[in-house]
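Listed below are the residues making up each chain.
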Amino acid sequence: MSTYYSWLKNLFLDVVHNEQMAVLFSAIVVLFSIAAISGIFHLILRSALRGVFSRIVKRTRFEWDDILFKNRVFNVLAHIAPVLIIRWAANFAGNDIGWMAGALLGIAKIYLIIVLIAVFNRLLSSSLDIYQTYPFSKARPIKGYIQLMKLLLYFIGGIFLVSVLISKSPGRLFTGLGAMAAVLLFVFKDAILGFIASIQLAANKMVKPGDWISLPSYNADGTVEDISLTSVKVQNWDKTITTIPTYALVSGSMTNWIGMEESGGRRIKRSINIDMTTVRFADTELLEHLREFSLIREYVERKEKEIKEYNQAKQLDDRDYVSGRKQTNLGIFRKYLEAYLHNHPMVHDEMTFLIRHLQPTEKGIPVEIYVFSKDQRWANYEELQADIFDHILAVLPEFGLRVFQNPSGEDFRNLKQVNNNEA
């Protein structure tokens, strides 16, 4: 390239008869020539590498080389050609332009650093894509770690770029960073907290993409779409997207519903308040009425026989409700609920199954159903709950029971009308 420069210099010198102008014009032409040659060799090398590696990828059965080819890792390597050409032609002007060689060498170094950053960046992206092809990647996501490594790559690359620009050793710059530690901790606070949180999430298997989580403090209730170094993306059930800081999953209260999904059932825990003034002993008329229902007939007859034998053994009259035993309409209703739910095809028999009384309050005595649905899908689960309690509300009068409900305006109007009629 120096010979080419000398020829151009002599050519321009014969035209302009001014050495400085000849040097300037010659340098400009040579620089454009270097740029053109670098671009041509880059295109040639990129085309050659693409052709060679495309044939290799098609012949292999491995998936990782397809991912490397898709992420164009090999294309970046073609930028080595311009670096070598600039390095080779750096001293073309000799002593005519003393600073030119240093400037071109600096450009070559900066170009090489950028190329290396791009190569390692695409390698990290490809390694993440390769990792996600394995089944265990769903349980242990590493996207946060990859993002941290990229952040460190950019940071170290930036240090080397600055060292080239100011002509200082990178070691000195790294040493000087110790005094800026507090500033760096403040700048990278979210990244540091996110990295630590990512380690905890992965090590303890707290959450992974695809899990259903609830985070009330962030109004998040839905499926985890993505976990990165600094944020977690949750698609809520109303299709909105909530972005949560990664460290919030370990520093705050979070509910992960994966245990429910893996158990094969979804809990139904709901109660209905019974008006306590309607609770009474079951008389002969009520017992005869309840014997008409097949679900409860066997229990009523068996229990009535057991109670009769007990009272006879104690020589107690059937009318002695206080001293003897007697069935109640609420007790029979509770057993009916057990039989009804045991026979329900969508209620899980092998998981916790309870029909119980809760503490009576001023709003009646709550009868709680604590069972599990076989269907975990939200819409079907809600429909099952609605069907069960529709049936309960409709069947309660058959047992002489009434649901507790605060008086409404219509109740007061009816009461007023009755009082007026009596008056």
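Treat the numbers as computed from the prediction; the structure is a model and nothing was measured. (Residues numbered from 1 in each chain as written. Predicted model: local features only at pLDDT ≥ 70, side-chain atom pairs only at ≥ 80, totals over all residues. Heavy atoms only, no water.)

### Some words on the overall build of the protein chain
- Scanning the protein chain for helices and strands turns up 17 helices and eight strands.
- By residue count, 34% of the 423 residues in the protein chain fall in the buried class.
- Roughly 25,800 Å² of accessible area belongs to the protein chain as shown, and the carbon and sulfur atoms make up 58% of that amount. (Helix = DSSP H or I, 4+ residues; strand = E, 2+ residues; numbered from the N terminus. Buried < 20%, exposed > 50% of the residue type's maximum accessible area, 1.4 Å probe, protein only. Areas by Shrake-Rupley, 256 points an atom, 1.4 Å probe, with all protein chains shown as cover.)

### Some thoughts on a nonpolar patch on the surface
- A surface patch of nonpolar side chains, about 380 Å² in accessible area, is lined by Met21, Leu24, Ile28 and Phe32.
- Positionally, Phe32 belongs in helix 2 (residues 19-59).
- Looking at Phe32, the relative accessible area reads 61%, which means it is exposed. (Patch = residues over 30% accessible without salt bridge, like charges linked within 9 Å, V, L, I, M, F, W, Y side chains within 5 Å. Salt bridge = Lys/Arg side-chain N within 4 Å of Asp/Glu carboxyl O.)

### Quick notes on helix 7 (residues 143-166)
- Compared with an ideal rise of 1.5 Å per residue, which puts 24 residues at 34 Å, helix 7 spans 35 Å between its outermost C-alpha atoms and is within 8% of the ideal.
- Regarding helix 7, the residues found buried are Gly144, Ile146, Leu148, Lys150, Leu153, Gly157, Ile159 and Ser163.
- Of the residues trailing helix 7, Ser167 is marked for its positive phi of about 55 degrees. (Expected span 1.5 Å × (residues − 1).)

### So, the sheet that holds strand 6 (residues 266-274)
- Spatially, the three strands line up as an open sheet ordered 6-8-7, and their pairing is antiparallel. At either margin of the open sheet sits one strand with a lone partner, and together these are strand 6 and strand 7 (354-357). On average, adjacent strands in this sheet sit at an angle of 15 degrees to one another, irrespective of strand direction.
- Two elements, strand 6 and strand 8 (residues 365-373), share nine bridges in a ladder whose sense is antiparallel. Bridge assignment links Asn273 to a residue of strand 8, and that residue is Pro366.
- The sheet contacts of helix 16 (residues 378-395) involve strand 6 and strand 8, and relative to strand 6 the element is tilted by about 25 degrees. (Pairing = 2+ DSSP bridges. Axes fitted to C-alpha atoms, helices over the stretch in contact; angles between N-to-C directions. Contact = heavy atoms within 4.5 Å.)

### Observations regarding the packing of helix 15 (residues 329-342) against helix 16
- One way to put it is that helix 15 packs onto helix 16 with a least axis distance of 12 Å and a crossing angle of 145 degrees. For the pair helix 15 and helix 16, the sense of crossing is right-handed. On helix 16, the residues touching Phe333, Tyr336, Leu337, Tyr340 and Leu341 of helix 15 are Asp387, Ile388, His391, Ile392 and Val395.
- Residue classes in the contact of helix 15 with helix 16 are distributed as eight nonpolar, one polar and one charged. (Left-handed = near helix turned anticlockwise from the far one by under 90°. Nonpolar A, V, L, I, M, F, W, Y, C, P; charged D, E, K, R; others polar.)

### Things to note about helix 16
- For helix 16, spanning 18 residues, the distance from its first C-alpha to its last is 26 Å, which sits close to the expected 26 Å at 1.5 Å a residue.
- Residues of helix 16 that are buried: Tyr381, Leu384, Gln385, Ile388, Phe389, Ile392 and Val395. Projected down its long axis, helix 16 carries its buried residues within an arc of 130 degrees, all on one side. Looking at helix 16, the residues exposed on the side facing more than 90 degrees away from the buried face are Ala379 and Ala394.
- Packed against the buried residues of helix 16 are strand 6, helix 15 and strand 8. (Arc of directions from axis to C-beta.)

### Quick look at the packing of aromatic side chains
- Evaluation of the coordinates by the stated rule reveals six aromatic pairs.
- Look at Tyr336 and Phe399: their rings are 5.3 Å apart centre to centre, the planes differ by 50 degrees, and that puts the pair in the tilted class. Within this pair, whereas Tyr336 is found in helix 15, its partner Phe399 is found in the loop between helix 16 and helix 17 (409-422), the two being separated by 63 residues in sequence. As far as burial versus exposure is concerned, Tyr336 and Phe399 are alike and both buried.
- Geometrically, the ring pair formed by Tyr370 and Phe372 is edge-to-face, given 6.3 Å between the ring centres and 70 degrees between the ring planes.
- Members of the aromatic cluster, connected to one another through ring pairs, are Phe333, Tyr336, Tyr340 and Phe399.
- Seen from the ring of Phe389, Arg270 lies directly overhead, with NZ or CZ sitting 5.5 Å from the centre. (Phe/Tyr/Trp six-rings, centres within 6.5 Å; stacked < 30°, edge-to-face > 60°. Lys NZ or Arg CZ within 6 Å of the ring centre and 35° of its normal.)

### Some thoughts on the side chain of Gln385
- Turning to its location among the elements, Gln385 is positioned in helix 16.
- At a separation of 3.3 Å, a polar atom in the side chain of Gln385 contacts the side chain of Glu382.
- Sequence-distant contacts of Gln385, that is, excluding residues within four places in its chain, are made with Ile268 and Arg270. (Polar contact = N/O pair within 3.5 Å; in protein donor to acceptor, adjacent residues only side chain to side chain.)

### Thoughts on the environment of Ser127
- Secondary-structure assignment places Ser127 in helix 6 (residues 98-131).
- Through-space distance from the C-alpha of Ser127 to that of Trp64 is 8.3 Å; in sequence the pair is 63 residues apart.

### Comments concerning the confidence of the model for the protein chain
- Per-residue pLDDT for the protein chain averages 81, and the proportion of residues at 70 or more is 86%.
- When pLDDT is averaged over each helix and strand of the protein chain, the minimum, 63, is found for helix 9 (residues 181-187) and the maximum, 94, for helix 15. (pLDDT = per-residue confidence, 0-100.)

### Brief notes about the nonpolar core
- The biggest cluster of nonpolar side chains holds 33 residues, and the ones touching the most others in it are Ile332, Phe333, Leu341, Ile369 and Ile388.
- Among the elements of the structure, strand 6, helix 13 (284-290), helix 14 (294-313), helix 15, strand 8 and helix 16 are those that each provide at least two residues to this core.
- No other element matches helix 15, which puts seven residues into this core.
- When residues no more than four places from it in sequence are discounted, the contact partners of Phe333 are Ile392, Val395, Leu396, Phe399 and Leu401.
- Counting residues in each nonpolar core, the second largest holds 13 residues, with Val207, Ala220, Ile244 and Ala248 among its members. (Core = buried A, V, L, I, M, F, W, Y, C linked by side-chain atoms within 4.5 Å.)

### A short note on the packing of helix 14 against helix 15
- Closest axis-to-axis distance for the helix 14/helix 15 pair is 9 Å, and the angle between their directions is 130 degrees. Looking at the two axes, helix 14 sits oblique to helix 15. Of the two elements, helix 14 crosses helix 15, and the hand of that crossing is right-handed. Across the interface between the two elements, Leu295, Ile296, Tyr299 and Val300 of helix 14 pack against Ile332, Lys335, Tyr336, Ala339 and Tyr340 of helix 15.
- Partitioned by chemical class, the residues of the contact of helix 14 with helix 15 number eight nonpolar, no polar and one charged. (Parallel < 35°, antiparallel > 145°, perpendicular 65-115°, else oblique.)

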